[in-house]
Amino acid sequence: MDFFCHCVVDASTICQCTGLKDKNGKLIWENDILSGHIDVEFPEDETRERVVWHENGWCTSEPGYDDYEELDDFDSENFEVIGNKIDNPELLEV
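Note that the coordinates shown come from a computational prediction; the quantities given were computed from them, not determined experimentally.

Definitions and limits used
- Residues numbered from 1 in each chain as written.
- Predicted model: local features only at pLDDT ≥ 70, side-chain atom pairs only at ≥ 80, totals over all residues.
- Heavy atoms only, no water.
- Pairing = 2+ DSSP bridges.
- Helix = DSSP H or I, 4+ residues; strand = E, 2+ residues; numbered from the N terminus.
- Phe/Tyr/Trp six-rings, centres within 6.5 Å; stacked < 30°, edge-to-face > 60°.
- Contact = heavy atoms within 4.5 Å.
- Disulfide = S-S within 2.5 Å.
- Buried < 20%, exposed > 50% of the residue type's maximum accessible area, 1.4 Å probe, protein only.
- Core = buried A, V, L, I, M, F, W, Y, C linked by side-chain atoms within 4.5 Å.

Peer 1: For the sheet that holds strand 7 (residues 80–84), give the residues involved together with the corresponding values.
Peer 2: Strand order in the open sheet formed by five strands is 6-5-4-3-7, with antiparallel pairing between adjacent strands. A strand with exactly one partner marks an edge of an open sheet, and here the two such strands are strand 6 (69–70) and strand 7. Where strand 3 (residues 32–36) and strand 7 come together, four bridges link them in antiparallel fashion. The residue of strand 7 that forms the bridge with Asp 32 is Asn 84.

Here it is as structure tokens:
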């Protein structure tokens, strides 16, 4: 028996995998929101970043700022995926 399912997909929700994993081993995808506590003097301070493609590579961007940082091993080792911009936009509210 053949089964065919036709689903409508919103193209703006399709994201690519960066190939990197967060500190828990979870794959990091475009539009994911990363959370980390990177200031040892203030461990209660949380840094949140959104994963984006910018110019020639994967980058992160903090809410409220226009600059971009390259997504690299530092992010992989110190940040964890807590959601994504599509399903959890409230996580990016400043």
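Text resumes after the structure shown.
Peer 1: Pulling in residues and values, what's your account of the packing of aromatic side chains?
Peer 2: In total, this model carries one aromatic pair according to the counting rule given. Aromatic pair Trp 53 and Trp 58: ring centres 5.1 Å apart, planes at 85°, arrangement edge-to-face.

Peer 1: Before we move on, could you go through the environment of Glu 80 and cite the residues and values that matter?
Peer 2: With respect to the element layout, Glu 80 can be found in strand 7. A sequence separation of 29 residues divides Glu 80 from Val 51, and the C-alpha atoms of the two residues are 12 Å apart. Excluding residues within four positions of it along the chain, Glu 80 makes contact with Asp 22, Lys 23, Asn 24, Ile 33, Leu 34 and Ser 35.

Peer 1: Break down the state of the cysteines for me, citing the residues and quoting the values.
Peer 2: On inspection of all chains with the given rule, the structure shows zero disulfides. This cysteine, Cys 5, is not joined by any disulfide, and Cys 7 carries the nearest cysteine sulfur, 3.3 Å off. Exposure remark for Cys 5: the relative accessible area of 48% places this residue in the partly exposed category. Among the cysteines around Cys 59, which has no disulfide bond, Cys 15 carries the closest sulfur, lying 16 Å off.

Peer 1: Any details on the nonpolar core? Residues and values, ideally.
Peer 2: With seven residues, the main nonpolar core is built from Ile 28, Leu 34, Val 51, Trp 58, Leu 71, Phe 79 and Val 81. Ignoring anything within four residues of it in the chain, the contact list for Leu 71 reads Thr 18, Leu 20, Ile 28, Leu 34, Val 51, Trp 58, Cys 59 and Thr 60.

Peer 1: How would you explain unusual backbone geometry if you had to name every residue and give the values?
Peer 2: Look at Asn 31: it is not a glycine, yet its phi comes out positive at around 75°. With respect to the helices and strands, Asn 31 occurs in the loop between strand 2 (27–29) and strand 3. If you check the backbone angles, Glu 55 has positive phi at about 55° while not being a glycine. Relative to the helices and strands, Glu 55 resides in the loop between strand 4 (47–54) and strand 5 (57–61). Judged by relative accessible area, Glu 55 falls into the exposed class, the value being 64%.

Taken by themselves, the reported measurements are silent on function.
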